[in-house]
Amino acid sequence: MEITRIRPELTVVTLDFGAVYLWHDEDGSLTLIDTGAAGHADTIEEAIRADGADPAALRTIVLTHYHEDHAGSAAELSRRLGAEVVAHRLEAPVIRGEQLPRPMVLSPFEQEIWDSLPKLPPAPPCAVDREVTDGEKLGFGGGAVVVHVPGHTDGSIALHLPERGVLFTGDLAANVEHRTMPGVFNADPALALESFRRLSELEADTVLFGHGVPIAEGGSAALRRAVEQLGQH
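Given the structure is predicted, the values throughout are model-derived calculations rather than measurements.

**Some thoughts on the overall build of the protein chain**
Here is step 1: The number of helices and strands found in the protein chain is seven helices and 14 strands.
Here is step 2: Computed over C-alpha atoms, the radius of gyration of the protein chain comes to 16 Å, within 12% of the 17 Å expected from 2.2 N^0.38 for 233 residues, which places it in the range of a compact globule.
Here is step 3: Looking at the protein chain as a whole, 54% of its 233 residues qualify as buried.
Here is step 4: Counting contacts in the protein chain only where the partners sit at least 6 residues apart, residues at least 24 apart contribute 63% of the total.
Here is step 5: Across the protein chain, 18 positive and 36 negative side-chain charges occur, with their mean positions spaced 3 Å apart.

**Some points on the sheet that holds strand β10 (residues 157-161)**
Here is step 1: The five strands are arranged β8-β9-β10-β11-β14 in an open sheet whose pairing can be described as mixed. Among the strands making up the open sheet, the edge pair consists of β8 (137-138) and β14 (206-208).
Here is step 2: For β8 and strand β9 (residues 144-148), the ladder comprises two bridges, and the chain directions are antiparallel. Residue pairing in the sheet places Leu138 in a bridge with Ala144 of β9.

**Re the packing of helix α6 (residues 189-200) against helix α7 (residues 219-231)**
Here is step 1: Running from amino to carboxyl end, α6 crosses α7 at an angle of 140°, the nearest separation of the two axes being 8 Å. Between α6 and α7, the angle falls in the class oblique. Judged by the twist between their axes, the crossing of α6 over α7 is left-handed. Each of Leu193, Phe196, Arg197, Leu199 and Ser200 in α6 lies in contact with α7, whose residues at this interface are Ser220, Leu223, Arg224, Ala226, Val227 and Leu230.

**Some details on the pairing of strand β12 (residues 173-176)**
Here is step 1: As defined by bridge partners, β12 adjoins strand β13 (residues 179-182) across four bridges and the pair is classed as antiparallel. Looking across to β13, one finds that Ala174 is bridged to Met181.

**Observations regarding the environment of Ala57**
Here is step 1: Mapped onto the fold, Ala57 is located in the loop between α1 (41-50) and β5 (58-62).
Here is step 2: Along the sequence, Ala57 and Gly155 sit 98 residues apart, while their C-alpha atoms lie 27 Å from each other.
Here is step 3: Leaving out residues up to four positions away in the same chain, Ala57 has contacts with Gly28, Ser29 and Leu30.

**As for the pairing of β9**
Here is step 1: With five of five residues buried, β9 lies mostly within the body of the structure.
Here is step 2: Side chains Ala144, Val146 and His148 of β9 all project onto a buried face; the interleaved residues Val145 and Val147 project onto the opposite face, where all are buried too.
Here is step 3: Bridge count between β9 and β10: four bridges; the pairing is antiparallel. Within β10, the position partnered with Val147 by the bridge is Ala158.

Rules of the game
- Residues numbered from 1 in each chain as written.
- Predicted model: local features only at pLDDT ≥ 70, side-chain atom pairs only at ≥ 80, totals over all residues.
- Heavy atoms only, no water.
- Helix = DSSP H or I, 4+ residues; strand = E, 2+ residues; numbered from the N terminus.
- Rg over C-alpha atoms; globule rule 2.2 N^0.38 Å.
- Buried < 20%, exposed > 50% of the residue type's maximum accessible area, 1.4 Å probe, protein only.
- Contact = heavy atoms within 4.5 Å.
- Lys, Arg positive; Asp, Glu negative; His and termini not counted.
- Charge placed at Lys NZ, Arg CZ, Asp CG, Glu CD.
- Pairing = 2+ DSSP bridges.
- Axes fitted to C-alpha atoms, helices over the stretch in contact; angles between N-to-C directions.
- Parallel < 35°, antiparallel > 145°, perpendicular 65-115°, else oblique.
- Left-handed = near helix turned anticlockwise from the far one by under 90°.

Encoded structure:
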């Protein structure tokens, strides 16, 4: 685990596989974006304390999508801390364990990467307290706007904080080896590219990814450059 405060109100917690994000509001309440794989509840509580906050201040857990590396510790954290779990209405049945996930469509290149990755435990079923849709506002960060970006999964969401110039992309985008790019392992690759282009139209200085290095400044410009490069291929 690595903890990095990249803005006064924003902390990145880098786990063995991917990252989660802590948002600190002025009233002392915390919002957690994604939860890592199952078994990371202790690690995340430890990270909150190391970041100078009390885990009991966690009010909301927002899940960008249902994959096990994002929703895996949601049930345990919400049980321990009483935090509200928020997800898109199309993700909620999968997160609750009521519906099977849509399979990914992998290119040969993606299949090779997938086969090399560690096999993570499945995400335990988790109650979803609030189901959201595109354009809804959440009560943190001056009004975080839910952006429905389907393609990675049907109900993938990004979170745009226009007053703070911040964008959480989930797995629709990645920033790996100094390259900003669309994410991999998508259920609908063509739709994922459309959603990636939509993300590039949002204004945000700081852009944060499910996987890869956050961009503290110039995030939207990096997304737009990635879209331009896609158009050249």
